[in-house]
Amino acid sequence: MEPSQDEPLVLRGKILTFKNNKLDYEYWEKGVLLIEKGFISQVGNHTDINYPQNSKVIDFGQDLIVPGFIDGHVHYPQMSVIGSYGKKLIDWLNDYTYPEEIKFSSYDYAQSVARLFLSETLKNGYTTSSTFCTVHPGSVDALFYEAQRIEMRVIAGKVLMDRHAPDSLLDTAQESFDDSQELINKWHNNGRGLYAVTPRFAPTSTPDQLEVAGALFSDNDNVYLQSHVSEQLDEVDWVADLFPESSSYLDVYNSFSLLGKRALYGHGIYFSESDIEIASATDTTIIHCPTSNLFLGSGLFQYEKLKDAGIRLGLGTDIGGGTSLSPFATMKAAYEIAQFNNYSLSPLESFYRLTFGGAHALHLENKIGQIKPGFEADLTIIDLSSTDIIKNRMRDVEDLSEMLFTQIMLADDRAIRATFVNGKLVYEK
Ligand code: GUN
Ligand code: ZN
């Protein structure tokens, strides 16, 4: 069923795509889209589209075609850490996560986990991920090689840690500079790969290493930076002890020139008004990771406040603090957390966050996240009646919004009918 690269490909089905960050969208009940050489070249109502005669046509009937989902924060090496019982962040890192990450000194191990991660990611309808690797450069090579085989867009980088972790997971400021620069030269803009300088979080880097991260971030064109900020109260207190001269956790990163465009921070739960202002003024991206925040008992993300401040916001699975690679589980948890803050996160807004909004959060909104001529053909096909309970619930659904909400609340990977990356079918149920 896999189309050849050059054969035009036509997909039919219901089609939903957002047009801008005001949640304006296009929805075609009987839609058609044309893919040529990995790009979307036409989209619209089935009566309006003329496609080349030699096109291969796949009719998805009543299924919904959406832009491929975007995971803004995940740790591919933590596939085996998912569902580790009973700890909060710092103990969870020490007792479960660091011991697992030590195994990534083996390239073969890293490769096998990268394969599992990518296949599960596609099976859940995600087509772009921004992922942490481990401190080992081989863990970065393994991920990029495997992603390149399927032409998948990934942002990834070697974790920098030079204190407060097991010895075998520590590098030094100099090693982290040398290794990261070599990896940037090798992988940044190589195919669809993009590199992220990746200091794990302020407690595991010395000031010297944070300086190195700042230099790598500013001296390499369009490179990303990813880290964590203000996830749990104990962690926030620890950072205050380690960096007494800084006015807040976010301010630590600011003082090492680690904020700005393409700086992606997971969590940001315990932000003060001034942190929100700084994130907004520097155009720093925050990735909300709701299943992780619930699992680790981190706290309730102030979605509405950060959104109203104009901060670029994405959603992340944050595996293995997060408990699911499903976009539905992520949207469901985001809805539930917002409920506690008296904000009703609409289903359209949730789908926006995982598509156009996710692309905007990663500064890729001109390439992915929409079904529009000229955009890269990363697409996810959703079976809207994937289980008996969904089928039953869908009978009462009256509009698009209710249809999406039913999926958010009840669907899982069984709802993902197919996933296309760069115009190619890479997963089919
Ligand atoms: N903070 C520092 N490292 C991690 C990690 O691996 N996961 C989460 N959720 N938070 C972190
Ligand atoms: Zn994380």
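Scroll up a little and you will see the structure.
Owing to the predicted nature of the structure, the values given are computational and were not obtained by experimental measurement. For every chain, the first residue of its written sequence is number 1, and the numbers climb from 1 along that sequence. For naming, the first written chain is A and the first written ligand is 1, with later ones following in the order written. Residue-level local features of this predicted model are given only where pLDDT is at least 70; pairs of side-chain atoms are given and counted only at 80 or more, and the full residue set underlies all totals for whole chains, interfaces and linings. Hydrogens and water are ignored here; the side-chain numbers use all heavy atoms of the structure.

J.: Can you tell me about the packing of helix α4 (residues 173-187) against helix α5 (residues 207-219), naming the residues and giving the values?
T.: Only the contacting stretch of a helix is used when fitting its axis, a line to C-alpha atoms as for every element, and angles between N-to-C directions run 0 to 180 degrees. In DSSP terms, a helix is any run of H or I states spanning at least four residues, a strand is any run of E spanning at least two, and both are numbered starting from the N terminus. Following both chains from N to C, one finds α4 and α5 inclined at 20°, their axes separated by 9 Å at the closest point. In terms of their interaxial angle, α4 and α5 are classed as roughly parallel. As for the relative orientation of α4 and α5, their crossing is right-handed in sense. In contact with Ala173, Ser176, Phe177, Ser180, Gln181 and Ile184 of α4, α5 contributes Asp208, Gln209, Val212 and Leu216. Note that Gly is not counted as nonpolar here; it falls among the polar residues with everything else outside the nonpolar set of Ala, Val, Leu, Ile, Met, Phe, Trp, Tyr, Cys and Pro and the charged set of Asp, Glu, Lys and Arg. Of the residues that constitute the contact of α4 with α5, the class distribution is five nonpolar, four polar and one charged. Any angle from 65 to 115 degrees is called roughly perpendicular, while one under 35 is roughly parallel, one over 145 is roughly antiparallel, and all others are oblique. Note on convention: near helix rotated counterclockwise from far helix by under a right angle means a left-handed crossing. Clockwise means right-handed. Two residues qualify as a contact provided that any one of their heavy atoms is within 4.5 Å of a heavy atom in the partner residue.

J.: Describe the sheet that holds strand β1 (residues 9-18), and please don't skip the residues or the numbers.
T.: DSSP-based pairing: two strands are paired if at least 2 bridges between them are found. On the basis of which strands lie adjacent, the open sheet formed by seven strands has the order β3-β2-β1-β4-β14-β15-β16 and mixed pairing. Bordering the open sheet on either side are β3 (39-45) and β16 (424-428), each of which pairs with just one other strand. Within this sheet the neighbouring strands show an average axis-to-axis angle of 35°, counted without direction. Set on the sheet, helix α2 (residues 107-123) makes contact with β15 (416-421) and β16; between it and β15 the angle comes to about 115°.

J.: Give me the lowdown on empty space enclosed by the protein, citing residues and values where you can.
T.: Here the term cavity refers to a set of points on a 1 Å grid, laid over the protein atoms alone, in which a 1.4 Å probe fits but cannot get out; the term pocket refers to an open set having protein on both sides within 12 Å along at least five of seven lines, with lining residues being those that place an atom within 4 Å of a point. Grid points are joined across faces, edges and corners, and a volume is the space filled by probe spheres set on the points. Across all of its chains, the model carries two cavities of 30 Å³ or more by this definition. Taken as a whole, the largest cavity holds about 100 Å³ of empty space. Around the largest cavity, the lining comprises 13 residues; the ones closest to its centre are Leu89, Trp92, Leu93, His228 and Glu231. Top contributing element to the lining of the largest cavity by residue count: helix α1 (residues 89-102), with three residues. Among the residues making up the lining of the largest cavity, the classes are represented as five nonpolar, four polar and four charged.

J.: Can you tell me about the coordination of the zinc ion (ligand 2), naming the residues and giving the values?
T.: Coordination angles at a metal have ideal targets, namely 109.5 degrees for four tetrahedral donors and 90 or 180 degrees for six octahedral donors. The coordination sphere of the zinc ion (ligand 2), as far as protein atoms go, consists of His73 (NE2), His75 (NE2), His228 (NE2) and Asp318 (OD), spread over 2.0 to 2.3 Å. Nitrogen, oxygen and sulfur within 2.8 Å of a metal are treated as its donors, or within 3.2 Å for sodium, potassium and calcium (Na, K, Ca); water is not counted, so a site can appear incomplete. Geometry is assigned from the angles between donors: four donors with all angles from 85 to 135 degrees make a tetrahedral site, four or six donors whose opposite pairs exceed 155 degrees while the rest stay between 65 and 115 make square planar or octahedral sites respectively, and everything else is labelled irregular. Considering all four donor atoms around the zinc ion (ligand 2), angles at the metal cover 93 to 165° and the coordination shape is irregular. Along the chain, the residues that donate to the zinc ion (ligand 2) are spaced as H-x1-H-x152-H-x89-D. Both residues of the pair, His73 and His75, count as buried. Relative accessibility thresholds used throughout: buried, under 20% of the residue-type maximum; exposed, over 50%; partly exposed, between the two (1.4 Å probe, protein chains only).

J.: Account for the pairing of β15, with residues named and values stated.
T.: With five of six residues buried, β15 is to be regarded as a mostly interior element. Sheet topology note: the strand β14 (residues 379-382)/β15 ladder contains four bridges and is antiparallel. Within the sheet, the bridge partner assigned to Leu379 lies in β15 and is Phe420. Relative to β16, β15 runs antiparallel, the two being bridged by four bridges. Looking at β16, one finds that Val421 is bridged to Lys424. Connecting β15 to the next strand, β16, in antiparallel fashion are two residues, including Asn422 with a positive phi near 50°.

J.: Summarise the environment of Leu16; cite the residues concerned and give the values.
T.: Mapped onto the elements of the fold, Leu16 is located in strand β1. The class for Leu16 is buried, based on a relative accessible area of 1%. Placed 316 residues apart in sequence, Leu16 and Lys332 show a C-alpha to C-alpha distance of 19 Å. Those residues within four positions of Leu16 in sequence are excluded, and the remaining contacts are Tyr25, Glu26, Tyr27, Leu64, Ile65, Val66, Pro67, Ile371, Leu400 and Leu404.

J.: How would you explain the site of ligand 1 if you had to name every residue and give the values?
T.: In this text, near means that some heavy atom of the residue lies within 4 Å of the molecule or strand in question. Around ligand 1 there are 13 residues in total, and His75, Gln78, Arg200, Glu231 and Asp318 lie nearest to it. In protein, a polar contact requires one atom able to donate a hydrogen and another able to accept it; more generally it is a pair of N or O atoms within 3.5 Å, and residues adjacent in sequence count only if both atoms are side-chain atoms. Glu231 is positioned with one of its side-chain polar atoms (N or O) 2.7 Å from a nitrogen atom of ligand 1. Here a nitrogen atom of ligand 1 and a side-chain polar atom of Asp318 are 2.8 Å apart. With residues, only the protein chains shown are counted as cover, and all accessible areas are computed by Shrake-Rupley using a 1.4 Å probe. Here ligand 1 has 270 Å² of accessible area as a free molecule, and 100% of this is covered by the chains. Think of it this way: if more than half of a molecule's atoms are within 2 Å of a pocket's grid points, that molecule is in the pocket or cavity. At a threshold of 2 Å from the grid points, most atoms of ligand 1 map onto the largest cavity. Top element by residues in the shell around ligand 1 is α1. It accounts for three residues. Within the shell around ligand 1, the residues separate by chemical class into five nonpolar, five polar and three charged.

J.: Report on the packing of aromatic side chains, specifying residues and quantitative values.
T.: Ring pairs shown here join Phe, Tyr and Trp side chains whose ring centres sit within 6.5 Å, with only the six-membered ring taken for Trp; geometry is labelled stacked below 30 degrees between planes, edge-to-face above 60, and tilted in between. For the coordinates displayed, the defined rule picks out 17 aromatic pairs. Ring centres of Tyr76 and Phe117 lie 6.1 Å apart, and the angle between their planes is 45°; this geometry places the pair in the tilted category. In this pair, Tyr76 sits in the loop between β5 (69-75) and α1 while Phe117 sits in helix α2, placing the two residues 41 residues apart along the sequence. Phe117 carries the same exposure label as Tyr76, and that label is buried. Note on Tyr253 and Tyr265: the rings are 4.8 Å apart at their centroids and 45° apart in plane angle, and the pair reads as tilted. In this pair, Tyr253 is assigned in helix α7 (residues 249-255) and Tyr265 in strand β11 (residues 263-267), connecting sequence segments twelve residues apart. One aromatic cluster is present, built from ring pairs that chain together Phe18, Tyr25, Tyr352 and Phe356.

J.: So what about α4? Which residues, and what values?
T.: Take the number of residues in a helix, subtract one, and multiply by 1.5 Å to get its expected span. Here α4 contains 15 residues, and its C-alpha end-to-end distance of 21 Å stays within 8% of the 21 Å for a straight helix at 1.5 Å per residue. All of the buried residues in α4 are Ala173, Ser176, Ser180, Leu183, Ile184 and Trp187. For α4, the angular spread of buried residues about the axis comes to 105°, placing them on one side. Residues Gln174, Glu182 and Asn185 are exposed on α4 and point more than 90 degrees away from its buried face. Buried positions along α4 lie against α3 (137-149), β8 (159-160), β9 (193-199) and α5. Looking one or two places after α4, you find Asn189, whose phi comes out positive at around 65°. Here, the arc refers to the directions that run from the helix axis to the C-beta atoms.

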